[in-house]
Amino acid sequence: IKIPPLPEQRAIAHILGTLDDKIELNRRMNETLEAMARAIFNDWFVTFGPTRAKMEGRPPYLPPEIWNLFPDKLVDSDIGEIPRGYSSSLAGNLFECWDKKRVPLSGNDRAKRQGPFPYYGATGIVDYVNDFIFDGTYLLIGEDGSVEKDDGTAFSQYVSGKIWVNNHAHVLTGKNRVSTEFLFLAFQHIKISPYVTGAVQLKISQKNLRKIPVVSPPRPITNAFQKLVGPVFQRRLQIERSNKELSELRDILLPKLISGEIRTSDAEKPLEEAGI
């Protein structure tokens, strides 16, 4: 193999390390963005922070136009105490299911159809193929095999763009005044163990998924929530696209730098164009 001189090796390592650092920084930023959205969801729709604060006479901690939307009383329901004006519902009333559009591909099929579009399974991207069957923003919930995480919640993925999904993940979008983002965050809190079947091969069927009880807030509150978290998720998607581009740039530069096809000085320009 061709080994560049030590100074050139160090220069190559610096360039690739810079790309890796930027990718890692973006990854941590996305974790922070999701944590922010999850904290808001937990406060508004799980612990009912604004309503409890009003009941206890604590000062507002949200802008007045949002604060005034929340009731000042909790009432009994079949899923426990919830704010007045909220209701209990079944998850199936809050999502559209697109499972009928799914098409599984065998490993041999995928090998023959390599391309740029992500091929998703129950917990993540399995492969990349040359076509897509979904185009938009979706929530994927693991259907069988990998179904339940250690904390008792479902394996869930917030995905966007042109994608292919196999038959190991339910494909959902929000409806009836809730967004797909709301749905994604809701499944971060729902314990699905009572709805999982199968002793050897765990499974959560579409039927069981639909009958999970959930809190259904009034439309003004879900609208306000979406105005807050919508831009957060858009930023998250932008960062994911940026990381994909940075990873592709790193993979293109590595062999060319090692082989000497391009010099380290020439590699600085792509980094500048990528904003690094």
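Just above sits the structure.
Counting of residues starts from 1 at the beginning of each chain's written sequence and follows it residue by residue. Under the rules for a predicted model, residues below a pLDDT of 70 receive no local features and side-chain atom pairs below 80 are neither given nor counted, while totals for whole chains, interfaces and linings still include all residues. With hydrogens and water stripped out, all remaining heavy atoms of the structure feed into the side-chain values.

Q: Quick rundown of the overall build of the chain? Include the residues and the values.
A: In this description a helix means any DSSP run of H or I spanning at least four residues, a strand means any run of E spanning at least two, and both kinds are numbered starting from the N terminus. Regarding its fold elements, the chain presents eight helices and 10 strands. Judged by the C-alpha coordinates and their principal axes, the chain covers about 75 × 50 × 30 Å. The cut-offs for exposure are 20% and 50% of the maximum accessible area for each residue type, with area from a 1.4 Å probe on protein chains only; residues under the lower value are buried, those over the upper are exposed, and the others partly exposed. For the chain, buried positions account for 42% of its 276 residues. The contact rule is simple, with two residues in contact once any of their heavy atoms fall within 4.5 Å. When contacts within the chain are restricted to residue pairs at least 6 apart in sequence, those whose partners lie at least 24 apart make up 67%. Under the convention used here, a 1.4 Å probe and the Shrake-Rupley method define accessible areas, while residue burial counts only the protein chains that appear. Entry remark: accessible area of the chain is about 14500 Å², with carbon and sulfur atoms responsible for 53%. Residues counted as positive are Lys and Arg, residues counted as negative are Asp and Glu, and His and the chain ends are not counted. Where a charge lies is defined by one atom per residue type, namely NZ (Lys), CZ (Arg), CG (Asp) and CD (Glu). Here the chain contributes 36 positively and 34 negatively charged side chains, and the mean placements of these two sets differ by 4 Å.

Q: Go over the sheet that holds strand β8 (residues 156-165), please, and point to the residues and values.
A: We treat two strands as partners when DSSP finds at least two bridges between them. The sheet built from six strands is open, its strands ordered β4-β9-β7-β8-β5-β6 with mixed pairing. The sheet is open, and its two edges are formed by β4 (95-97) and β6 (125-129), each paired on a single side. With strand direction ignored, the average angle separating the axes of adjacent strands in the sheet is 40°. Across the sheet, helix α5 (residues 180-187) is in contact with β4, β7 (134-142), β8 and β9 (169-174); its angle to β7 comes to roughly 15°. Geometry is summarised by axes, namely lines fitted to C-alpha atoms with helices restricted to the contacting stretch, and by angles between N-to-C directions that run from 0 to 180 degrees.

Q: So, the side chain of R236: which residues are in play, and what are the values?
A: Along the chain, the position of R236 falls in helix α7 (residues 219-259). The term polar contact refers here to a pair of N or O atoms within 3.5 Å; inside protein, the definition further demands a hydrogen-donor-capable atom paired with an acceptor-capable atom, and it admits residues adjacent in sequence only when both atoms are side-chain atoms. Here E34 takes part through its side chain, which lies 3.2 Å from a polar atom of the side chain of R236. Leave out the neighbours within four places in its chain, and R236 touches N30, L33, E34, Y158 and F184.

Q: So what's going on with the packing of aromatic side chains? Residues and values would help.
A: Two aromatic rings from Phe, Tyr or Trp, using only the six-membered ring of Trp, form a pair when their centres are within 6.5 Å; if the ring planes differ by under 30 degrees the pair is stacked, by over 60 it is edge-to-face, and anything between is tilted. Inspection of every chain in the model, using the stated rule, returns 17 aromatic pairs. Their ring planes at 45° and their centres at 5.7 Å tell us that Y158 and F184 sit as a pair that is tilted. Linking Y158 in strand β8 with F184 in helix α5, this pair joins segments that are 26 residues apart in sequence. Of the aromatic side chains, those joined through ring pairs into one cluster are F41, W44, F45, F48, F70, Y86, F182 and F225.

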